[in-house]
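Results of the structural survey
Take a look at the letters that make up each chain.
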Amino acid sequence: CPNSTEILTVGVVYRPPSGSSISFLEKFNNLCRILPKTGVRILGDFNIDFLQMNSNTSTASQFEDQILSNGFCPAISVPTHRRANCRPSCIDNILTSDIDKVLLSGTISDRVGDHMTVFEFSKINFVKPRTLR
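Summarised in this report is the structure supplied together with it. (Residues numbered from 1 in each chain as written. Predicted model: local features only at pLDDT ≥ 70, side-chain atom pairs only at ≥ 80, totals over all residues. Heavy atoms only, no water.)

**Topic: helix 2 (residues 58-69)**
With 12 residues, helix 2 extends 16 Å between its outermost C-alpha atoms, agreeing within 8% with the 16 Å of an ideal straight helix rising 1.5 Å per residue. The set of residues buried in helix 2 consists of A60, F63, Q66 and I67. The buried residues of helix 2 all sit within an arc of 125° when viewed along its axis, so they share a single face. Exposed residues lying more than 90 degrees from the buried face of helix 2 are D65 and S69. Along its buried surface, helix 2 packs onto helix 1 (21-34), strand 3 (73-74) and strand 4 (92-96). Count one or two residues on from helix 2 and you reach G71, which has phi positive near 85°. (Helix = DSSP H or I, 4+ residues; strand = E, 2+ residues; numbered from the N terminus. Expected span 1.5 Å × (residues − 1). Buried < 20%, exposed > 50% of the residue type's maximum accessible area, 1.4 Å probe, protein only. Arc of directions from axis to C-beta. Contact = heavy atoms within 4.5 Å.)

Put into structure tokens, the structure is as follows:
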């Protein structure tokens, strides 16, 4: 659209299950501070269960505080990871700085491995790409 004004910044994050949660939280917070305040999506396998964020789990609570204090909101609120003999968890997510523009989000149950695919449909008017010379 010639009159569109929005830019979308997208990034992907992976935190290994054995990775230091303290180091991850510090690096994640530093990343959030340099990102624009709108038009941002951070997709990832965070290996922090979003379903546990209301509990007193230290890492989950700290991560939730960082997400919200940096102006983000998780778009996924259902299990994204299922493994035999384990409780379902929501460790994959899409963090958005524009939750009011999200029309639909969720998971696709035809999964590969233990993880489900996450998706988000949003109402965004993109800036026309510039031609580089």
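**Things to note about the layout of surface pockets**
Reported here for the largest pocket is a volume of approximately 210 Å³. If you trace the largest pocket, you find it lined by Y14, P17, D45, N47, I48, D49, H81, R83, R87, S89, I91 and H115. Its residues assigned to classes, the lining of the largest pocket shows 4 nonpolar, 4 polar and 4 charged. (1 Å grid on protein atoms, 1.4 Å probe; cavity = no way out; pocket = protein on both sides within 12 Å on 5 of 7 lines; lining within 4 Å. Points joined across faces, edges and corners; volume = space filled by probe spheres on them. Nonpolar A, V, L, I, M, F, W, Y, C, P; charged D, E, K, R; others polar.)

**Regarding the packing of aromatic side chains**
This structure, assessed with the given rule, holds 9 aromatic pairs. Centre to centre, the rings of F24 and F46 are 6.4 Å apart; their planes meet at 65°, and the pair counts as edge-to-face. Of this pair, F24 sits in helix 1 while F46 sits in the loop between strand 2 (40-45) and helix 2, and the two are 22 residues apart along the sequence. Take F24 and F46: they sit in the same class, and that class is buried. With 6.5 Å between their ring centres and 90° between their planes, F28 and F46 make a pair best called edge-to-face. With F28 in helix 1 and F46 in the loop between strand 2 and helix 2, this residue pair connects regions lying 18 residues apart in the sequence. (Phe/Tyr/Trp six-rings, centres within 6.5 Å; stacked < 30°, edge-to-face > 60°.)

**A look at helix 1**
Here helix 1 contains 14 residues, and its C-alpha end-to-end distance of 20 Å stays within 8% of the 20 Å for a straight helix at 1.5 Å per residue. Among the residues making up helix 1, those that are buried are F24, L25, F28, N29 and C32. Projected down its long axis, helix 1 carries its buried residues within an arc of 130°, all on one side. The exposed set on the far side of helix 1, more than 90 degrees from its buried face, consists of I22, E26, K27, R33 and I34. Buried residues in helix 1 make contact with strand 1 (9-14), strand 2, helix 2 and strand 4. The backbone nitrogen of I22 lies 3.4 Å from a side-chain oxygen of the residue at the head of helix 1, namely S20. (Polar contact = N/O pair within 3.5 Å; in protein donor to acceptor, adjacent residues only side chain to side chain.)

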